[in-house]
Amino acid sequence: MFEVIAARWQQGHRTTKYPDGPAPPMPDRFRGRLVIDVAKCTDGCRTCLQACPTAAVSLTDKLRIDLGRCLFCAECVAACPQQAITHTNEYRLAAGRRADLVVGHDDRDLHLAAAMDAKLMKLFGRSLKLRQVSAGGCNACEADVNVLGTVGWDLGRFGIQMVASPRHADGLLITGAVSRNMELALRKTYDAVAGPKIVIAVGACAISGGPYIGHDQVLGGGDAVVPVDLYIPGCPPHPLTILDGLLRLLGRIESGERLLR
Amino acid sequence: MIREFAEPAAFTNGRSIATDSIPVLTLEVFQTAILDAVAQGQRVAAMFGAAGARSEAIELYVILADDGENSLGAARTTIASDAFPSLTPRCPQVHLFEREIAEQFGLCPTGHPWLKPVRFRRSWTRRDAWNRAPEQAIVPGVSDFYRVDGEEIHEVAVGPVHAGVIEPGHFRFQCHGEQVFHLEIALGYQHRGVEEAMIGGPTARSIHYAETLAGDTTIAHATAYCQAVEALANCQKTARAQALRGVALELERLANHVGDLGALAGDVGFLPTASYCGRIRGDFLNMTALLCGSRFGRGMVRPGGVAFDVDDARVADLLKRLDAAEKDTAIAVNLLWDTPSVMARFEDIGPLPRQIAADLGIVGPAARASGLARDVRRDQPSGIFRFAQIPVSTYETGDVFARAYIRWLEIQQSGEFIRGQLAAIPSGAVRVPVPAMAPNHLVVALDEGWRGEVCHVAITDGEGRFGRYKVVDPSFHNWTGLAYVLRNQQISDFPVCNKSFNLSYCGHDL
């Protein structure tokens, strides 16, 4: 008994003060949001396109990066002879519309997710219960969603909770590329959630298929089966990226806030 | 003297051999060679089919691990028909390999006692081992399940979507009241087709497939993949790169073992250790992020070495964090062994006897907790582990307590190993160029991931591309161990038994 009390004393209070205090610092080698410098991409050499494992980088009229397909591996950064693409330490990446994840070279702003509408906010703003569905990924996204439940992050203080049954849930949090073998289970789980309901796609797999884009065995993300309201990019996303997305959806972080270099 | 021709080709972990040097045995000699090797204490690290180079016939390969001799053996045979006699009745550890061969190539292992699909997908050939029509839908989990009949017997079905934030799988319990007579586990829900996508590689995606075979085992799988590529390309990586791979591998073990001990505490309702270890696991993940920017080690291990170097300041920062996290871990974990209500739920629960573990081919901490001194780092050493040995921890009881306690012993040793490596890290580059891979060669790359033996087998075609790429995650061996230990347990002890193995669904499903 005394050991338990002594251990409690020693371990201390470790819950992050974020969002009331500063966000925990990102590691210096963290690969966050990618930025394209238009002035440096002059000859359209397409080296970055060849380096990208998931065709997240595209060049039609201009160079664009789809953060929904991006594995944040930085191969494009290393490949570019002009150093036109750089990784920033920016962890805020969540968007409400799929198209907003495609960032262009003269459009440096990423339109981050806005808060839910007034009706949903009234229902879910102070209590959001989510049923997690893992559907054809690698379990890293699941692991860093789970981390938000630890004492270090304490997701419960925002009224957000992962629940055991879709009948208890206000929405789904999907991870994985949605394998053919999970399609039916995902559909049934979605149907079992009472409306109105929201769907959150966490990680490159759940947004686009990630490393498995184009495989016969996967459908290529959550919105192949159900409508998605929030996209949180990463492979896997940092816990802070996931938390930032959830808090934006709940209007706990200034909506409409834009990323500036 | 015919025996000489019946011997599998001998080689070692991470050394490629010409495919031609692997003897093509008759099926009978092939199977006898496996039985003889297993009778002498060897293990079947992998057994798989591959499209024959010269004909339509499928070749079966076996990779045998002779842990006592620190060597591997490879043999193959050609299956000309649609069936072959199953080896499973005489060698239980090949049971899932034979089911996989049946599913992937449509070859029927005649006499297999429980021939069901592994991942619920169509075969890679036009054959189907279950004679299903091409238009017939394959629905995961829809198949026969082992059933116990009786008036008071009931069946409990769980999954694929579980109550927690975990991967999908289907569990069928045959129960008499609280008592479990039998558990059958049906997987395949995470199947994303990685093995066939590797064929024709390496491509820009290959390393990412390796890193996401099982996301919590990114370093071990990426290392095995890189060792395979490097061996086929005859690429000599530097001692510094090998040391950093070793450090990253042990950090991965630390994070997962600490997380598992916390989760075990949570499953028996002991919240202090559950809370502390949940957080401390993150401290270890953040140390991996200090090395490479990713908490899961994404981007760290690359063919030719590692993508990130360390300087003195980073080493000092890492060591400081390691000291603090280890201190927190010791205090949090030692509460478990001193708390009677925890020990009552750990001891004698879910025992896996040593002989059963050996028969089933169990690997990793689960094997060591049952008294089997099996550890790739010692038995089939590669990379830094050829120079720096980590003592193998074993325990005798094979119960939940043993599987928990083994993790605690290994946590302490991994910390010591990292300190030793960082104190005397060799100088040099961390990454060297990788030449083209040799055509028509085979390599086996083994690593001791935190769950056990990670096995990658690569066979190159005539152009030096992957003609076959076989992955065996430790979970592939160990799921049957979990099913076994539930026998005669209370169903309410399933969560703690499950967590004591903590197996990967995606690593199994590929």
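Parameters and conventions
Chains are numbered independently. Their residues run from 1 in the order of the written sequence. All chains are assigned letters beginning with A, and all ligands numbers beginning with 1, in the order in which they are written. Only residues with pLDDT of at least 70 are given local features in this predicted model, and only at 80 or more are side-chain atom pairs given and counted; all residues enter the totals for whole chains, interfaces and linings. Segments assigned H or I by DSSP are reported as helices when at least four residues long, segments assigned E as strands when at least two residues long, and all are numbered from the N terminus. As a reference, a globule follows 2.2 Å times the number of residues to the power 0.38, and the radius of gyration itself is taken over C-alpha atoms. Counting other C-beta atoms within 10 Å of a residue's C-beta gives its exposure: the residue is buried at 20 or more, exposed at 12 or fewer, and partly exposed in between, where C-beta atoms are placed from the backbone. In this description, any two residues whose backbone-derived C-beta atoms lie within 7 Å of each other are considered to be in contact. A strand pair is defined by DSSP finding two or more bridges across the two strands. Between N-to-C directions, angles cover 0 to 180 degrees, with each direction set by a line fitted to C-alpha atoms, over the stretch in contact for helices. Domain segmentation is taken from an automatic or database assignment of domains. Take the buried Ala, Val, Leu, Ile, Met, Phe, Trp, Tyr and Cys residues, join any whose C-beta atoms are within 7 Å, and the set you get is a nonpolar core. Under the convention adopted here, Pro, Cys and the residues Ala, Val, Leu, Ile, Met, Phe, Trp and Tyr are nonpolar, Asp, Glu, Lys and Arg are charged, and Gly plus all remaining residues are polar.

Novice: Describe the overall build of chain A, listing the residues and the values that go with them.
Specialist: Summing up its helical and strand segments, chain A has eight helices and ten strands in all. Expected size for 261 residues packed as a compact globule is a radius of gyration near 18 Å; at 19 Å, chain A falls within 12% of this value. Across its three principal axes, chain A shows a C-alpha extent of roughly 65 × 45 × 35 Å. Expressed as a percentage of its 261 residues, the buried residues of chain A come to 50%.

Novice: Could you give an account of the overall build of chain B, naming the residues involved and the relevant values?
Specialist: Counting its regular elements, chain B contains 17 helices and 16 strands. Relative to its length of 510 residues, chain B is compact, with a C-alpha radius of gyration of 22 Å against a globular reference of 24 Å. With the principal axes as the frame, chain B shows a C-alpha extent of 70 × 60 × 45 Å. Long-range contacts, defined as pairs at least 24 residues apart, comprise 68% of the intrachain contacts of chain B with a sequence gap of at least 6.

Novice: Go over the sheet that holds strand S6 (residues 128–134) of chain A with me, naming the residues and quoting the values.
Specialist: Residues and elements named next belong to chain A. Ordered in space as S7-S6-S8-S9-S10, the five strands form an open sheet in which the pairing is parallel. Among the strands making up the open sheet, the edge pair consists of strand S7 (160–162) and strand S10 (230–232). Across this sheet, the average inter-strand angle for adjacent strands is 25°, counted without regard to direction. Here five bridges tie strand S8 (residues 171–175) to strand S9 (residues 198–202), and the two strands are oriented parallel to one another. Residue pairing for S9: Leu-173 is matched across the bridge by Ile-200. On the sheet, helix H8 (residues 239–249) packs against S7, S9 and S10 and is oriented at approximately 160° with respect to S10.

Novice: Which residues make up the domain arrangement of chain B, and what values do they have?
Specialist: Taken domain by domain, chain B consists of domain 1 (3–110), domain 2 (153–186) and domain 3 (194–509). For domain 1 of chain B versus domain 2 of chain B, the distance between C-alpha centres works out to 33 Å.

Novice: So what's going on with the sheet that holds strand S5 (residues 102–104) of chain A? Residues and values would help.
Specialist: Residue and element names in this part refer to chain A. Pairing within the open sheet is antiparallel, and its three strands lie in the order S2-S3-S5. Strands with a single pairing partner mark the edges of an open sheet, and in this sheet they are strand S2 (57–59) and S5. Neighbour to neighbour, the strand axes of the sheet diverge by 25° on average, direction disregarded. In this sheet, strand S3 (residues 63–66) lies alongside S2 in antiparallel orientation, the contact comprising three bridges. Note that in S3 the partner of Ser-58 across the bridge is Arg-64.

Novice: Explain the nonpolar core residue by residue, including any values.
Specialist: By size, the foremost hydrophobic cluster in this structure holds 238 residues, and its most contacted members are Ile-174, Ala-201 and Val-202 of chain A together with Ile-34 and Ile-63 of chain B. Residues contacting Ile-34 of chain B, with those up to four places away along its chain left out, are Val-44, Val-62, Leu-64, Leu-87 and Cys-91 of chain B.

Novice: An account of the environment of Ala-99 of chain A is needed here, citing residue identities and associated values.
Specialist: All names here are of chain A. Here Ala-99 shows up in the loop between strand S4 (85–87) and S5. Using a count of 9 C-beta atoms within 10 Å as the deciding quantity, one classes Ala-99 as exposed. Between the C-alpha atom of Ala-99 and that of His-111, which follows or precedes it by twelve residues, the distance is 9.6 Å.

Novice: Before we move on, could you go through the interface of chain A and chain B and cite the residues and values that matter?
Specialist: How big an interface is tends to be stated in terms of the accessible area lost upon association of its parts. Counting from both sides, the interface comprises 52 residues of chain A and, opposite them, 48 residues of chain B. For the side of chain A that touches chain B, the secondary-structure elements that each account for two or more residues are helix H1 (2–11), S6, helix H5 (140–146) and helix H6 (180–192) of chain A. A per-class count over the side of chain A that touches chain B returns 28 nonpolar, 15 polar and nine charged.

Novice: Give a description of the environment of Ile-101 of chain B that names residues and reports values.
Specialist: All names here are of chain B. Within the element layout of this structure, Ile-101 appears in helix H3 (residues 95–105). The exposure class assigned to Ile-101 is buried, which follows from the 25 C-beta atoms found within 10 Å. C-alpha of Ile-101 to C-alpha of Asp-216: the two residues are 115 residues apart in sequence and 27 Å apart in space. For Ile-101, the residues in contact, after removing those within four places along its chain, are Phe-48, Gly-49, Leu-60, Leu-107 and Pro-109.

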